[in-house]
Amino acid sequence: MTSVLDDIYDVYGMLEELELFTDAIERWEKSAIDQLAEYMKVFYQALLDVYTEIEEEMAKVKRRSYWVYYAKKAMKNQVRAYYEEAKWLQSPKIPSMEEYMDVALVTSGYPLLAATSLIGMGDVVTKETFDWISGEPKIVRALAIIARLMDDMVSHKKRGHVASAVECYMIQHGASEEETKKEFNRQVTNAWKDINEECLNPTAVPKPILTRVVNLARFMDVVYKNEDGYTHSGTVLKDFVTSMLVHPVPIMM
């Protein structure tokens, strides 16, 4: 659903429509659908239905329904950031690197994924866990940095929407593309060091929670290592999925 949401903000939505769409998601109520463009209504209803279904599934296994509150909160934060990027698209001004990253770390989608992925984990997750992950801990910020910079480095020449981190950095610092990517690779390496540090040192949450975040970062490393494997999933990513799920190598015990 996040991919469709991204396309609505990047490609299809007019700014006036997106303002109403963002407001509807902030309100999170069925009556808000009346203010939306027709093509947005289908998605908005589906969004409400998905989270309602999650709440119902949580009730079946006697899990705390307030967990879904945190998932909704993360989604609202996501659309606010998407809306900021949509406004940039209408402006001739290229944001500074700092302005861009403040928004783009959210639109990477990984703070949203990290929070939402906790819902089905069982009793290891508590209210304190959600409060921790909602507070942008170092490991989640590092995850978002890896996601955003690796994505932008392989996709910036093919993007038809807001400027990427590559353009923002090159313009702000007068750097070449090669120099910019060298700096970003350094930042990605440092982000991995932050993740390692958070996993090795005592933290506020159990190890399975940290492992969930680490696995999301590993996924980014696979998908965006040499190309935009998410957008062009029929190439390298397809082979990875096939080798793991369709034709796995048997493990001899």
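Residues numbered from 1 in each chain as written. Predicted model: local features only at pLDDT ≥ 70, side-chain atom pairs only at ≥ 80, totals over all residues. Heavy atoms only, no water.

### Topic: unusual backbone geometry
1) Next: Unlike most non-glycine residues, Trp-28 shows phi in positive territory, near 55°.
2) Next: Position of Trp-28 among the secondary structure elements: in the loop between helix 2 (15-27) and helix 3 (38-60).
3) Next: Classification of Trp-28 as buried rests on a relative accessible area of 14%.
4) Next: Backbone geometry places Glu-136, a non-glycine residue, at a positive phi of 55°.
5) Next: Counting through the fold element by element, Glu-136 comes out in the loop between helix 7 (127-134) and helix 8 (138-155).
6) Next: Its relative accessible area of 48% is what places Glu-136 among the partly exposed residues. (Helix = DSSP H or I, 4+ residues; strand = E, 2+ residues; numbered from the N terminus. Buried < 20%, exposed > 50% of the residue type's maximum accessible area, 1.4 Å probe, protein only.)

### Some details on the confidence of the model for the protein
1) Next: Chain-level pLDDT for the protein is 89 on average; 93% of the residues reach the 70-or-more range.
2) Next: When pLDDT is averaged over each helix and strand of the protein, the minimum, 79, is found for helix 12 (residues 236-246) and the maximum, 97, for helix 2. (pLDDT = per-residue confidence, 0-100.)

### Focus on the packing of aromatic side chains
1) Next: By the definition in use, this model includes 9 aromatic pairs.
2) Next: Judged by centre distance (5.5 Å) and plane angle (70°), the ring pair of Tyr-169 and Phe-184 falls under edge-to-face. Of the two residues, Tyr-169 sits in helix 9 (residues 165-173) while Phe-184 sits in helix 10 (residues 177-200), which places them 15 residues apart along the sequence.
3) Next: We classify Phe-184 as buried; its relative accessible area is 0%.
4) Next: Site record: aromatic cluster; members linked through ring pairs are Tyr-9, Phe-21, Phe-43 and Tyr-82. (Phe/Tyr/Trp six-rings, centres within 6.5 Å; stacked < 30°, edge-to-face > 60°.)

### Details of the side chain of Ser-164
1) Next: Relative to the assigned elements, Ser-164 resides in the loop between helix 8 and helix 9.
2) Next: Reaching out from Ser-164, the side chain makes a polar contact with the backbone nitrogen of Val-166 at a distance of 3.2 Å.
3) Next: A distance of 2.4 Å separates the side chain of Ser-164 from the side chain of Glu-167, its partner in a polar contact. (Polar contact = N/O pair within 3.5 Å; in protein donor to acceptor, adjacent residues only side chain to side chain.)

### Overview of the environment of Arg-212
1) Next: With respect to the helices and strands, the residue Arg-212 is situated in helix 11 (residues 207-223).
2) Next: For Arg-212, a relative accessible area of 30% corresponds to the partly exposed category.
3) Next: For Arg-212, the residues in contact, after removing those within four places along its chain, are Ser-117 and Met-121. (Contact = heavy atoms within 4.5 Å.)

### Concerning the packing of helix 4 (residues 67-89) against helix 5 (residues 97-107)
1) Next: Look at helix 4 against helix 5: their axes get within 8 Å of each other, and the N-to-C directions meet at 135°. One finds that helix 4 runs oblique with respect to helix 5. At the point where helix 4 passes helix 5, the crossing takes the left-handed sense. Within the contact between the two elements, helix 4 uses Asn-77, Gln-78, Ala-81, Tyr-82, Glu-84, Glu-85 and Trp-88 and helix 5 uses Glu-99, Tyr-100, Val-103, Ala-104, Val-106 and Thr-107.
2) Next: Grouping the constituent residues of the contact of helix 4 with helix 5 by class yields 7 nonpolar, 3 polar and 3 charged. (Axes fitted to C-alpha atoms, helices over the stretch in contact; angles between N-to-C directions. Parallel < 35°, antiparallel > 145°, perpendicular 65-115°, else oblique. Left-handed = near helix turned anticlockwise from the far one by under 90°. Nonpolar A, V, L, I, M, F, W, Y, C, P; charged D, E, K, R; others polar.)

### A closer look at a nonpolar patch on the surface
1) Next: Together, Val-241, Met-244, Leu-245 and Val-246 give the surface a local cluster of nonpolar side chains, amounting to about 430 Å² of exposed area.
2) Next: Positionally, Val-246 belongs in helix 12.
3) Next: A relative accessible area of 51% places Val-246 in the exposed class. (Patch = residues over 30% accessible without salt bridge, like charges linked within 9 Å, V, L, I, M, F, W, Y side chains within 5 Å. Areas by Shrake-Rupley, 256 points an atom, 1.4 Å probe, with all protein chains shown as cover. Salt bridge = Lys/Arg side-chain N within 4 Å of Asp/Glu carboxyl O.)

### Focus on the nonpolar core
1) Next: Formed by 83 residues in total, the largest nonpolar core has its most connected members in Leu-5, Tyr-9, Phe-21, Ile-25, Tyr-44, Met-75 and Ile-139.
2) Next: No other element matches helix 4, which puts 12 residues into this core.
3) Next: When residues no more than four places from it in sequence are discounted, the contact partners of Ile-139 are Trp-132, Ile-195, Glu-198, Cys-199, Leu-210, Val-213 and Val-214. (Core = buried A, V, L, I, M, F, W, Y, C linked by side-chain atoms within 4.5 Å.)

### Some remarks on the packing of helix 1 (residues 2-12) against helix 4
1) Next: Contact geometry for helix 1 and helix 4: axes closest at 9 Å, N-to-C directions at 30°. Judged by the inter-axis angle, helix 1 sits roughly parallel to helix 4. In this structure, helix 1 meets helix 4 at a crossing whose hand is right-handed. Facing helix 1, whose interface residues are Thr-2, Leu-5, Asp-6, Tyr-9 and Asp-10, helix 4 presents Met-75, Gln-78, Val-79, Tyr-82, Tyr-83, Glu-85, Ala-86 and Leu-89.
2) Next: Here the residues of the contact of helix 1 with helix 4 sort into 8 nonpolar, 2 polar and 3 charged.

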